[in-house]
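Listed here are the chains, written in short residue letters.
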Amino acid sequence: MAKSSLRRDENANEEGSSWSTRPVPKKRRTSAATLSCKERQLSRENEEGGEDGNEQENVIEEEAVEPEPEIEVRQVRKGDEEKTPDKFISAAVPDPNHDKLEGASGTADHDLDQGSRGNKSTSMTLSDPDVLDCPICVEILSVPVFQCENGHIACAPCCFKIANKCPLCCCPIGYIRCRVIEKVLDSVKVSCVYEIYGCKEIRSYGNKTAHENACIYAPCACPYDGCDFVDTSTKLYAHFHDKHGSSAEHIFFNTVHPIYIEKNQSYQILQEKTEGIVFIINHSTQDHPGSAVNIICVGPALQTRRFRYELVATDGESTFKLGSIAENVPKWSENFPLKKYLLLPRDFVDSTLSFEEREVAQLKLEVFVEREYIF
């Protein structure tokens, strides 16, 4: 029994060893071969895909370096106004893409034209400047600008005048700011209208009117009869001194000067000796119950420099006095309307004169102009 069991174990061992030494089935070898082929196919596809990706990257890089389209800019030169429409202004607007372009190009664009990128602005022509005017008062818009719910705009003073009710759609207006128009007004830069007279100021379109109203280069006309000289106030004073100085009464600041005006004389020109500033005594008898007298200064209408003066008239018995500020007038004429004046009786002359002498007597005025000016 023991021998038989030992034989069985040996037989079992022989069978186990023979089973373990069998070759690997062909199915397993075939499966391994198939996987290796798939791997090779995938590697080929990856290589082809990599080439396609490189081609796409090259295409993207080529597209990135394509030149930018040129912007055509219209320039209106002096002397060509007849060839261009009436309502054209030249404006310089900051270029919003400048920073992006500069950041993307890095140092590679350092050699580009610095003049085209250095000012960060683009020149353009605004064919209809009326679009930047208030549709209600037709004046140039200035910040703040308001809009209604339907997008109609108005300046701040007009919103108050129309009681915050849009005249086009009756919606409330004056509570919502129109930031787009405000940015346009601040971005558009224009030269002063008096550039031809020497002003070099460049202001935003919204501040254009405020500057021009106070610009010292505003032109003034020569008050001498028949003279058509027009230039800045400084050049006008020099011109008047050289060409017409003998026709004026010369005065000094802070000094009382006796000035005689004939009965039918409508004006008398004065010129200050140290600074050459021209003043005019207006004398009018039309539309007045007597003689209306005042003093104006030839200069820009809204300039900050204003002069205080005093007029004193006496006939030996009565005295009339006026203290006021001389109005600035850039273009004066004999028919200039008087606003603030000293009114004298028609027969206001020296009471000691005879009747015949009174008919040809001159009106005596004591004129005093202060040097200290008012802003």
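Criteria and thresholds
Residues numbered from 1 in each chain as written. Predicted model: local features only at pLDDT ≥ 70, side-chain atom pairs only at ≥ 80, totals over all residues. Heavy atoms only, no water. Core = buried A, V, L, I, M, F, W, Y, C linked by side-chain atoms within 4.5 Å. Buried < 20%, exposed > 50% of the residue type's maximum accessible area, 1.4 Å probe, protein only. Helix = DSSP H or I, 4+ residues; strand = E, 2+ residues; numbered from the N terminus. Contact = heavy atoms within 4.5 Å. Disulfide = S-S within 2.5 Å. Pairing = 2+ DSSP bridges. Polar contact = N/O pair within 3.5 Å; in protein donor to acceptor, adjacent residues only side chain to side chain. Salt bridge = Lys/Arg side-chain N within 4 Å of Asp/Glu carboxyl O. Phe/Tyr/Trp six-rings, centres within 6.5 Å; stacked < 30°, edge-to-face > 60°.

If you look at the biggest cluster of nonpolar residues, it comprises 38 residues, and the most contacted ones within it are Phe279, Ile281, Leu311, Leu365, Val367 and Val369. Secondary-structure elements contributing two or more residues to this core are helix 8 (233–244), strand 11 (256–261), strand 12 (267–272), strand 13 (278–284), strand 14 (290–298), strand 15 (306–314), strand 18 (342–345) and strand 19 (363–374). Ranked by residue count, the leading element in this core is strand 14, at five residues. In contact with Val369, not counting residues within four places along its chain, are Ile251, Phe253, Asn254, Phe279, Phe307, Arg308 and Tyr309. Counting 13 residues, the second-largest nonpolar core is a separate cluster that includes Leu132, Val145, Cys155 and Leu185.

Looking now at the state of the cysteines. Scanning the entire structure with this criterion turns up zero disulfides. You can see Cys134 has no disulfide; the closest cysteine sulfur is in Cys155, sitting 3.7 Å from it. Exposure remark for Cys134: the relative accessible area of 2% places this residue in the buried category.

On to the pairing of strand 15. Relative to strand 16 (residues 319–325), strand 15 runs antiparallel, the two being bridged by seven bridges. The residue bridging Leu311 from the neighbouring strand is Leu322, located in strand 16. The antiparallel pairing of strand 15 with strand 16 creates a hairpin that spans four residues between the two strands, and Gly316 there sits at a positive phi of about 100 degrees.

Let's shift gears to the side chain of Glu182. Mapped onto the elements of the fold, Glu182 is located in helix 6 (residues 179–187). There is a polar contact of 2.9 Å between the side chain of Glu182 and the backbone nitrogen of Val145. The contact partners of Glu182, leaving out residues within four places of it in the chain, are Val143, Pro144, Val145 and Arg177.

In the structure shown here, the tally under the stated rule is seven salt bridges. With a closest N to O distance of 3.5 Å, Glu182 and Arg179 form a salt bridge. With Glu182 and Arg179 both in helix 6 and three residues apart, this pair spans about one turn of that helix. Overall, Glu182 belongs to the buried group, its relative accessible area being 5%.

Here we take up the packing of aromatic side chains. Taken as a whole and assessed by the stated rule, the structure comprises four aromatic pairs. Ring centres of Phe253 and Phe307 lie 5.5 Å apart, and the angle between their planes is 10 degrees; on these two criteria the pair is classed as stacked. Here Phe307 lies in strand 15 and Phe253 lies in the loop between strand 10 (249–251) and strand 11, a separation of 54 residues in the sequence. Here the two residues Phe253 and Phe307 agree in accessibility, since each one is buried.

Turning our attention to the sheet that holds strand 4 (residues 153–155). Strands sit in the order 4-3-5 across an open sheet of three strands; the sheet is antiparallel. For this open sheet the edge positions go to strand 4 and strand 5 (176–177), each flanked by a neighbour on one side alone. With three bridges connecting them, strand 3 (residues 145–147) and strand 4 associate as antiparallel partners. Across the sheet, residue Gln147 finds its bridge partner in strand 4, namely Ile153.

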